[in-house]
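Here's the letter readout for the chains.
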Amino acid sequence: MNSPDIGAPYARQEPSAESPRQAAVRLFVLPHAGGSAGYYRGWSRWLPKTVELVPLELPGHFTRMREPLLTEWPRLADDLADQVGARATGPYVLAGHSLGALLAYEVTRIQEARGVPPRLLAVSGRNGPAAGLSHRPIHQLPDSRFLEALARLGGTPGPVLKERDLMRLYLPLLRADLRLAETYTRTPGPPLATPVAAFGGRCDRLTDTAGLVAWSRETTDTFDLTVVDGGHFFHEEPSFTAAVRARLHRLGLRDERQGAAAYGTPAQTGRRSGLARDYSSPVEFITK
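Residues numbered from 1 in each chain as written. Predicted model: local features only at pLDDT ≥ 70, side-chain atom pairs only at ≥ 80, totals over all residues. Heavy atoms only, no water.

1. Quick notes on the confidence of the model for the protein chain
This is how it is decided: Every residue is assigned a pLDDT by the predictor, reflecting its confidence on a scale from 0 to 100. Contacts are assigned to residue pairs with any non-hydrogen atoms lying within 4.5 Å of each other.
Taken residue by residue, the protein chain gives an average pLDDT of 83. The fraction at 70 or more is 77%. Across residues 1–21, where pLDDT falls below 50, the model places 69 contacts with residues more than four positions away in sequence or in other chains.

2. Considering the side chain of Ser239
Basically, it comes down to this: A run of H or I in DSSP counts as a helix once it spans at least four residues, and a run of E counts as a strand once it spans at least two, with each numbered from the N terminus. Using a 1.4 Å probe on the protein chains alone, a residue whose accessible area is under 20% of its type maximum counts as buried, one over 50% counts as exposed, and one in between counts as partly exposed. Polar contacts, as used here, are pairs of N or O atoms within 3.5 Å; protein pairs need one atom able to donate a hydrogen and one able to accept it. Residues neighboring in sequence count only if both atoms are side-chain atoms.
With respect to the helices, strands and loops of the structure, Ser239 is situated in helix α7 (residues 238–249). A relative accessible area of 3% means that Ser239 is categorised as buried. Within the structure, Ser239 has its side chain in polar contact with the backbone nitrogen of Asp229 (distance 3.4 Å).

3. Thoughts on the environment of Gly90
Within the fold, Gly90 resides in the loop between α1 (73–87) and β3 (92–97). With relative accessibility at 35%, the residue Gly90 sits in the partly exposed group. Distance in space between the C-alpha atoms of Gly90 and Ala24 is 8.2 Å, their sequence separation being 66 residues.

4. What to know about the pairing of strand β6 (residues 223–228)
For clarity, the threshold we go by: Strands are labelled as partners when DSSP assigns at least two bridges between them.
In terms of burial, β6 is largely enclosed, as six of its six residues are buried. Residues Phe223, Leu225 and Val227 line one face of β6 and the alternating positions Asp224, Thr226 and Val228 line the opposite face, and both faces are buried. As judged from the six bridges shared by strand β5 (residues 196–201) and β6, these two strands associate in the parallel manner. Pairing of Phe199 across the sheet is with Thr226, part of β6.

5. What to know about unusual backbone geometry
Within the chain, Phe62 stands out as a residue other than glycine whose phi angle is a positive 45°. According to the relative accessible area criterion, Phe62 is buried, its value standing at 17%. The phi dihedral of Ser98 is positive, around 60°, even though this residue is not glycine. Considering the arrangement of structural elements, one finds Ser98 in the loop between β3 and α2 (99–113).

6. Some words on the pairing of β5
Within β5, six of the six residues are buried, which leaves it mostly tucked inside the rest of the structure. Here β5 shows two buried faces, one formed by Val196, Ala198 and Gly200 and the other by Ala197, Phe199 and Gly201. Note that strand β4 (residues 120–124) and β5 share four bridges and pair parallel. From the neighbouring strand, Val123 faces β5, where its bridge partner is Ala198.

7. Comments concerning α2
Put simply, the rule reads: For a helix, the expected span equals 1.5 Å multiplied by the number of residues minus one.
With 15 residues, α2 ought to run about 21 Å at 1.5 Å a step, and its terminal C-alpha atoms sit 22 Å apart, in line with that. α2 sits mainly inside the fold: 13 of its 15 residues count as buried. Gly115 sits one or two positions beyond α2 and adopts a positive phi of about 85°.

8. Structural notes on the packing of α1 against α2
To be explicit about the condition: Every axis in this analysis is a line fitted to C-alpha atoms, fitted for helices over the stretch in contact. Angles between the N-to-C directions lie between 0 and 180 degrees. Just so you know how the angles are binned, under 35 degrees is roughly parallel, over 145 roughly antiparallel, 65 to 115 roughly perpendicular, and the rest oblique. Take the far helix as the reference: if the near one is turned anticlockwise from it by less than a right angle, the crossing is left-handed, and if turned clockwise, right-handed. In this classification, the charged set is Asp, Glu, Lys and Arg, the nonpolar set is Ala, Val, Leu, Ile, Met, Phe, Trp, Tyr, Cys and Pro, and all remaining amino acids, among them Gly, are polar.
The geometry of α1 relative to α2 is characterised by a closest axis approach of 9 Å and an angle of 70° between their N-to-C directions. In terms of their interaxial angle, α1 and α2 are classed as roughly perpendicular. Classified by chirality, the crossing of α2 by α1 is right-handed. Contacts between α1 and α2 involve Trp73, Leu76, Ala77, Asp78, Leu80, Ala81, Val84 and Gly85 on the former and, on the latter, Leu99, Leu102, Leu103, Glu106, Val107, Ile110 and Gln111. For the contact of α1 with α2, a count of residues per class yields eleven nonpolar, two polar and two charged.

9. Quick notes on the pattern of salt bridges
Put simply, the rule reads: One side-chain nitrogen of Lys or Arg within 4 Å of one carboxyl oxygen of Asp or Glu is enough to make a salt bridge.
Inspection of every chain in the model, using the stated rule, returns eleven salt bridges. Asp79 is the salt-bridge partner of Arg64, the closest N and O atoms lying 3.1 Å from each other. A residue pair is termed long-range when its members are at least 10 positions apart, and Arg64 in the loop between β2 (51–55) and α1 and Asp79 in helix α1 qualify at 15 residues.

As structure tokens, then:
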């Protein structure tokens, strides 16, 4: 859904100024419906120093506002895959939230076909590509009902919804993004060979347990599901930041400035047959 930073101006789309000069891996992040790259720049505060954060902007959005808005999946996925391919000069991770989760998945499919897959696909706030929605589609509702649905689903802060003039300007872009998210259909194809890590909020009305677990069918490699505190936007929750650091640590990265403690403590799940649930408060892991 849409971002708490609606309409906020951002500089040119570049890696964070705080990014290390020689990062071990680049983390490309794809935004949610109506979201901007700027929303994710704050992740640099808690990511390991060995990770270079590269939030990506969608065509027709914010810093790419002068470009045409792409409303068809193939063209949009190709555009983003080209962006990643041009910047991924070494190991990299793809991540996405909500609509961005599906975008990251489609980009991973393209990158695997090109022979340059990511080390990890991290998805949050979205049921698996082959799973159904956890809510009734809202992108075609009249404005008043559309805004009510946004508030009910928890995708937009109350103060933002009260900015009626701003919302009138913003609604066409948001509807276009939600149309992509709500009408998405997984095209036939084999599962990924890339590991998948899924994250969900305990109180998120836009996902459900079965839908999150459905991501496990999208990879022949390892799969983790982490359920954290919060609703749809849980990225500042300590349980989420600790879980992401732990998952990056499992890639073999090391933050030399802070040591292993910088990544949090991962749950000890190991590899097992089928799906098993382990509890490591405040994080829950399901590992394949």
